[in-house]
Amino acid sequence: MSDAAALPGQPRGGVLSGPATARAVNVLAPNPSAMTLDGTNTWIVSEPDSDLAVVIDPGPLDDGHLTRVIDTAAELGKRVALTLLTHGHPDHAEGAGRFAELTGTHVRALDPALRLGDEGLGTGDVITVGGLELWVVPTPGHTSDSLSFHLPADRAVLTGDTVLGRGTTIVAHPDGRLGDYLDSLRRLRSLTVDDGVHTVLPGHGPVLDDAQGAVEFYLAHRASRLAQVETAVENGHRTPSEVVAHVYADVDRSLWPAAELSVRAQMEYLREHGLI
């Protein structure tokens, strides 16, 4: 869910369904919008020599898309063995229940309300399916239940809405919190520095080949926006809507409601730190 049109990192190009790394294939959902960019990226992840696959974020409740994901896996010689969710927003998770019916899989997520089966997801969990390893990385902030998945074999991270392939994401106040989001970005930056992650496989937009550059861009963008919001409040713009009109004047007005969620989160953060 994007609130701007900046370009973090180095996009690989247009958003297309197909292979992104040796182990990850994207099937683009047909739900483009100002908030979802080109649509939701549904990821099929598997070891090249395995007949089992994991699907991350089945996407909206669209039988055509869900069937296309299953068919794409079958064309790759794979059977979907597990469904994972990065978070519970409908453009990522609404189709999960139906997808579980179609594939006979469990759905694992941080939020118990989204799970189908006994197992959830938590910090430090390692998911292993057909030789594939995915490491669960908590990345709250966009939402409280946001997760990323580290794919060490491809030096990649699947970020859901925490880092997008184009633009910047919202902090969906009140569920999302800016302090949590900044901590999550720093956690992702440590993956790029300490664990050699160089590829971002986002929930929307193109693949990013410069993971560290993308995360650094996000951190700088958040710092800049926070400073702008602080200055706007100091100059007499007291309500979130007033701040949005001042700080986001160059952003398409259709995105202002989403921007207001981020502004509310930023104002809360500034108040908590005694800055306004």
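Residues numbered from 1 in each chain as written. Predicted model: local features only at pLDDT ≥ 70, side-chain atom pairs only at ≥ 80, totals over all residues. Heavy atoms only, no water.

### Some remarks on the confidence of the model for the protein
Put simply, the rule reads: Every residue is assigned a pLDDT by the predictor, reflecting its confidence on a scale from 0 to 100. Should any heavy atoms of two residues lie within 4.5 Å, those residues are considered in contact.
Summarising the model, the protein shows a mean pLDDT of 94, and 94% of its residues fall at 70 or more. A low-confidence stretch, residues 3–12 (pLDDT under 50), is modelled with 39 contacts involving residues beyond four sequence positions or located in other chains.

### Let's talk about the packing of aromatic side chains
To keep it simple, the criterion reads: Paired rings are identified among Phe, Tyr and Trp, the last through its six-membered ring, by centres lying within 6.5 Å, and are further divided according to the angle between planes into stacked (under 30 degrees), edge-to-face (over 60) and tilted (the rest). Counting as a charge over the ring demands two things of the Lys NZ or Arg CZ atom: a distance within 6 Å of the ring centre and an angle within 35 degrees of the ring normal.
Here the structure, examined in full by the defined rule, presents 1 aromatic pair. Note that arginine 225 overlies the ring of tyrosine 248, its terminal NZ or CZ placed 4.2 Å from the centroid.

### Description of the pairing of strand 3 (residues 41–45)
Filter applied, for reference: For every residue, the accessible area obtained with a 1.4 Å probe (protein chains only) is divided by the maximum for its type, and the residue is called buried under 20%, exposed over 50%, and partly exposed between those limits. The helix count covers DSSP runs of H or I at least four residues long, the strand count covers runs of E at least two residues long, and both are numbered beginning at the N terminus. Should DSSP find at least two bridges between two strands, the strands are regarded as paired.
For strand 3, the buried fraction is high: 5 of the 5 residues fall into the buried class. Here strand 3 shows no split at all, with Asn41, Trp43 and Val45 on one side and Thr42 and Ile44 on the other all buried. Inspection of the sheet shows strand 2 (residues 24–28) paired to strand 3 by 5 bridges, in the antiparallel sense. Counterpart to valine 27 in the pairing with strand 3 is threonine 42. Sheet analysis places strand 3 next to strand 4 (residues 52–56), joined by 3 bridges and oriented antiparallel. Considered in strand 4, the bridge of tryptophan 43 is made with isoleucine 56.

### Quick word on the packing of helix 5 (residues 211–234) against helix 6 (residues 240–247)
The condition that has to hold: Helix axes are fitted to C-alpha atoms over the stretch in contact, other axes to C-alpha atoms as well, and angles between N-to-C directions run from 0 to 180 degrees. If an angle is under 35 degrees, it is roughly parallel; if it is over 145, roughly antiparallel; if it lies from 65 to 115, roughly perpendicular; otherwise it is oblique. Each crossing gets its handedness from the near helix: less than a right angle anticlockwise from the far helix is left-handed, clockwise is right-handed. For this classification, the nonpolar set comprises Ala, Val, Leu, Ile, Met, Phe, Trp, Tyr, Cys and Pro, the charged set comprises Asp, Glu, Lys and Arg, and every other residue, Gly included, is treated as polar.
At their nearest, the axes of helix 5 and helix 6 sit 10 Å apart, and the two run at 120 degrees to each other. Taken as axis vectors, helix 5 and helix 6 run oblique relative to one another. For helix 5 against helix 6, the interelement crossing comes out right-handed. Residue-level contacts link Arg225, Gln228, Val229, Ala232 and Val233 of helix 5 to Val243, His246 and Val247 of helix 6. Of the residues assigned to the contact of helix 5 with helix 6, the class counts are 5 nonpolar, 2 polar and 1 charged.

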